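# Structural overview for review
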Amino acid sequence: RYENYIQTDASINPGNSGGPLLNINGEVVGVNVATSRGADNIGFALPAHVVKGVVESVKENGKIVRPFLGVRYTMITPQLQEKNNISVDYGALVARGESKDELAVMPGSPADLAGIVENDIILSIDGEKLQEKDLATILRSKKVGDVIKVMVLHKGEEVEKEIKLEEMP
């Protein structure tokens, strides 16, 4: 799922990824990252504020540091809700990947330590419902070491958990 991209009709040719996307005043508003195959002049750029956070992380830490919760998930859609008889119409369903070694919750992760398990549904983080934004988008706005309040639907009961985010391994 792609979120927070700027769609542009500026020409982005092979080799132009990483270049600036400028507005009419010559200000950087994004960094070009992709084009759409089969479509003429449709490109995508990461917004400048997103890139700024990555640059600041590298300057400060010598590497990109991102917060880590430690769950694999799928966002609840109307189809998923109906097919699986899920009681809520929003949130992130904690679920395994396609292979047996793609666990729903990474052992020893902040989510694991907080008691989040497969088939739990993460409903909100710090009061922000996982409806308009997905889990990854909300986590990107947090920092390593932040303590977040996570509302989880566990076996039909809403439970609030405080979780301290760690650095993504």
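First things first, this report covers the structure right here in the doc. (Residues numbered from 1 in each chain as written. Predicted model: local features only at pLDDT ≥ 70, side-chain atom pairs only at ≥ 80, totals over all residues. Heavy atoms only, no water.)

## Some words on the overall build of the protein
Helices and strands together make up the secondary structure of the protein, namely four helices and 12 strands. The buried share of the protein, reckoned over its 169 residues, is 32%. Of the contacts formed within the protein by residues at least 6 apart in sequence, a portion of 49% connects residues at least 24 apart. Summing over all exposed atoms, the protein offers an accessible surface of approximately 11,000 Å²; the carbon and sulfur share of this is 48%. Put simply, the protein has 19 plus and 25 minus side-chain charges, and the middle of one group is 3 Å from the middle of the other. (Helix = DSSP H or I, 4+ residues; strand = E, 2+ residues; numbered from the N terminus. Buried < 20%, exposed > 50% of the residue type's maximum accessible area, 1.4 Å probe, protein only. Contact = heavy atoms within 4.5 Å. Areas by Shrake-Rupley, 256 points an atom, 1.4 Å probe, with all protein chains shown as cover. Lys, Arg positive; Asp, Glu negative; His and termini not counted. Charge placed at Lys NZ, Arg CZ, Asp CG, Glu CD.)

## What to know about the side chain of Lys-161
Looking at the element boundaries, Lys-161 is found in strand β11 (residues 157–164). With no salt bridge to any partner, buried Lys-161 finds its closest opposite charge in Asp-120, at an N-O distance of 6.0 Å. A distance of 2.9 Å separates a polar atom in the side chain of Lys-161 from the backbone oxygen of Ala-114. The contacts of Lys-161, once residues within four sequence positions are left out, are Ala-114, Gly-115, Ile-116, Ile-148, Lys-149, Val-150 and Val-152. (Salt bridge = Lys/Arg side-chain N within 4 Å of Asp/Glu carboxyl O. Polar contact = N/O pair within 3.5 Å; in protein donor to acceptor, adjacent residues only side chain to side chain.)

## Digging into helix α1 (residues 48–61)
With 14 residues, α1 should reach 20 Å at 1.5 Å per residue; the first-to-last C-alpha distance of 20 Å fits that figure. Two residues or fewer after α1 comes Gly-62, characterised by a positive phi angle close to 75°. (Expected span 1.5 Å × (residues − 1).)

## As for the layout of surface pockets
Where empty space is left becomes clear once a probe the size of a water molecule has been rolled over the atoms. Counted as a void, the largest pocket has a volume near 1,400 Å³. In terms of lining residues, the largest pocket is bounded by 45 residues, among which Arg-66, Pro-67, Leu-139, Arg-140 and Ser-141 are the most central. If you list the elements that add at least two residues to the lining of the largest pocket, you get β4 (43–47), α1, β5 (67–68) and α4 (135–140). Taken together, the residues of the lining of the largest pocket break down into 25 nonpolar, eight polar and 12 charged. (1 Å grid on protein atoms, 1.4 Å probe; cavity = no way out; pocket = protein on both sides within 12 Å on 5 of 7 lines; lining within 4 Å. Points joined across faces, edges and corners; volume = space filled by probe spheres on them. Nonpolar A, V, L, I, M, F, W, Y, C, P; charged D, E, K, R; others polar.)

Function-wise, these values are silent; they only describe arrangement.
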